[in-house]
Amino acid sequence: MKERRKNLYLYSGYIFFIFYLLVFSVFLPVAIQAVEMTEVEDGPLVTIMFFETDLREALNEISLQSGINIIADQTVSGTVSADLVEVPLEKVLRMILIGGGYTYRKIEDFYFVGLPDIKNTSFSSLSELEIVELKYINVEKVLDILPSSLEAYVEGNRQGDVLTINAPAQQMGKIKEIITKVDQPGKQVEVNVLVTEIDSRYFEEYGSELFSFFDTENPNKGFSYDMASNLLFIQGDVYGQLLSKIKILQEEKKASIEADPRVIVAEGETAELFIGDQQILLINLEDDDIASRVEKVEVGVGLKVTAERIADENIVLNIAPELSHFVAVDRPDIIIKQNSVSTTVNIKNGETIVLAGMTISDNSTKSEKIPVLSDIPILRWFFKTERTEEAESELLVFVTPVIR
């Protein structure tokens, strides 16, 4: 029984030894390969000390210790001080070259060192060439945000979407990182615009009531006035209430809504909108030798809006509304009056601004006459009266941008 148990122990030990040997034989080469790959990626370790040592001489000493050739071009000069203990070769190169603005590039089994300047005759040996196709922005956008130290490495048609990068590896990485961050789909802004004319008499008497709102969910709504830009800011989402009030005034003939558009504009782009009428005029010239010409005249509400920048719920908005209308269209010389304003504001998402300060004057002449008698020469003045009526209205433009 004891002999049998002893044989069993020996057999189990033999099996364990065979298993251990198999595991060791399988994983040892993998471990050795991983170590070798790490050494290839990081380079051999360097232990060396420099004190005010000529940079070219320091590179030679590193080359001798590492067993890898390091060649410097004619631009490399200066001194270096460093105390390095078992530091990978490529890190050593970065540390001692950074002070002079130099860079390196590995070519086959050696390193080439020089100044990363496109005017350097050795620049082509230090740089890499890559073509990048942009998805959402153009080359101009990239060139505008690149630091001045990296601009020289990038070329391309400013309005196109393909650029060429010719730069050393380190600068190449920085440029591509910047491009990745900015080449993203732009946010969109929905701009609600309400253009209205309000009778000046009503506006002067009840103007404060126009901007009174009540919201049980947000009782802290407030107003702020920017004297520099002559703009009134209304905090909170009040566009719906505002539109309802103007429509009530319109029914009472105290106001008129000239336009109520909603414009979707991408960040950095400009959207244009026109709502109105077009009239074709025949222009008769006094000179008989020149033929009359036809001109198209448009009157109505025009709008240009640009969302320049969007960040942290803030929008830099450039808006330029324009209102035009005919005056005395029954006269042979048709007159068109225009009112326009342009401003750039930093506004919060969902906030409403009011552009005001434009007064529209409308003078009209009305006549009352007795039929037949008012057509008799000389006597007609006794049977005909004319009176001139003047009316003024305030043009208000309410703008509410919402980030989508």
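On to the nonpolar core, then. Ranked by size, the top nonpolar core spans 25 residues in total, and within it V189, V191, V193, V195, I315, L317 and V399 carry the most contacts. Considering each element in turn, this core owes the most residues, five residues, to strand β15 (residues 293–311). For V399, the contacting residues outside a window of four places in its chain are V191, N192, L317, I319, I347, E351, T352, I353 and L355. Ranked by size, the runner-up nonpolar core spans 22 residues in total, among them I62, V76, L84 and Y104.

A volume near 590 Å³ is recorded for the largest pocket. Elements with a minimum of two residues in the lining of the largest pocket: α5 (139–145) and β15. Of the residues in the lining of the largest pocket, the class split is six nonpolar, four polar and eight charged.

With that out of the way, let us pick up the sheet that holds strand β2 (residues 70–72). An order of β2-β5-β4 is seen for the three strands of this open sheet, with the pairing classed as mixed. Looking at which strands have only one partner, the edges of the open sheet turn out to be β2 and β4 (103–107). Strand-to-strand twist across the sheet, computed as the mean angle between neighbouring axes with direction ignored, equals 25 degrees. Bridging between β2 and strand β5 (residues 110–114) involves three bridges; their strand directions are parallel. Of the residues in β5, the one forming a bridge with A72 is V113.

Turning to its location among the elements, T400 is positioned in strand β20 (residues 384–403). Among the polar contacts listed, one links the side chain of T400 to the side chain of T352, at a separation of 2.7 Å.

This part covers the sheet that holds strand β6 (residues 128–133). A sheet is described by the order of its strands in space; here three strands give the open sequence β6-β8-β7, paired in antiparallel fashion. Bordering the open sheet on either side are β6 and β7 (154–155), each of which pairs with just one other strand. Of the strand pairs in this sheet, β6 and strand β8 (residues 162–167) are connected by six bridges, and their pairing is antiparallel. Note on β8: the bridge partner recorded for V132 is L163. Helix α7 (residues 169–182) contacts β6, β7 and β8 of the sheet and is inclined by roughly 155 degrees relative to β8.

Following both chains from N to C, one finds helix α2 (residues 55–66) and helix α3 (residues 89–97) inclined at 175 degrees, their axes separated by 12 Å at the closest point. The orientation of α2 with respect to α3, classified from their angle, is roughly antiparallel. Residues L55, L59, I62 and S66 of α2 touch α3, and the partners they reach there are L89, V92, L93, I96 and L97. Residue composition of the contact of α2 with α3, by class: eight nonpolar, one polar and no charged.

Attention now goes to the pairing of β5. Burial of β5 is extensive: four of the five residues sit out of reach of the surface. Where β4 lies against β5, five bridges are found, and the strand directions are antiparallel. Its bridge partner lying in β5, Y104 is registered against V113. Between β4 and β5, which pair antiparallel and follow one another directly, the connecting turn spans two residues, one of which, E108, has a positive phi of 55 degrees.

To continue, consider the side chain of T53. Secondary-structure assignment places T53 in strand β1 (residues 45–54). For T53, a relative accessible area of 13% translates into the label buried. If we skip the residues at most four places from it in the chain, T53 touches A58, G78, T79 and V80.

Relative to the helices and strands, Y111 resides in strand β5. Between the alpha carbons of Y111 and S63 there is a distance of 9.5 Å; along the sequence they are 48 residues apart. Residues in contact with Y111, not counting those within four places in the same chain, are I68, N69, I70, I71, L89, E90, L93, Y104, R105 and K106. Among the polar contacts listed, one links the side chain of Y111 to the side chain of E90, at a separation of 2.8 Å.

So, how was this worked out
- The numbers attached to residues start from 1 for each chain and follow its sequence in the written order.
- Selection of residues for local features in this predicted model requires a pLDDT of at least 70, selection of side-chain atom pairs for listing and counting requires 80 or more, and totals for whole chains, interfaces and linings are taken over all residues.
- With hydrogens and water stripped out, all remaining heavy atoms of the structure feed into the side-chain values.
- By convention a nonpolar core is built from buried Ala, Val, Leu, Ile, Met, Phe, Trp, Tyr and Cys residues, the set being connected through side-chain atoms within 4.5 Å.
- Burial status follows relative accessibility: with a 1.4 Å probe on protein chains alone, a residue under 20% of its type maximum counts as buried, one over 50% as exposed, and anything between as partly exposed.
- The secondary structure listing takes helices from DSSP runs of H or I that are at least 4 residues long and strands from runs of E that are at least 2 residues long, numbered from the N terminus.
- Throughout, a contact is declared for two residues whenever any of their heavy atoms are within 4.5 Å.
- Here a cavity denotes grid points, spaced 1 Å and computed from the protein atoms alone, that fit a 1.4 Å probe unable to get out, and a pocket denotes an open set having protein on both sides within 12 Å along at least 5 of 7 lines; residues with an atom within 4 Å of a point are the lining.
- Grid points are joined across faces, edges and corners, and a volume is the space filled by probe spheres set on the points.
- Ten residue types, Ala, Val, Leu, Ile, Met, Phe, Trp, Tyr, Cys and Pro, are classed as nonpolar, four, Asp, Glu, Lys and Arg, as charged, and the remainder, Gly among them, as polar.
- Two strands pair under a simple rule: DSSP has to find at least two bridges between them.
- Only C-alpha atoms enter the line fits that serve as axes; for helices the fit covers just the stretch in contact. Angles between N-to-C directions range over 0 to 180 degrees.
- Any pair of nitrogen or oxygen atoms within 3.5 Å is treated as a polar contact; in protein, a donor-acceptor pairing is required on top of that, and neighbouring residues in sequence qualify only through side-chain atoms on both sides.
- Here roughly perpendicular refers to angles of 65 to 115 degrees, roughly parallel to angles under 35, roughly antiparallel to angles over 145, and oblique to all remaining angles.

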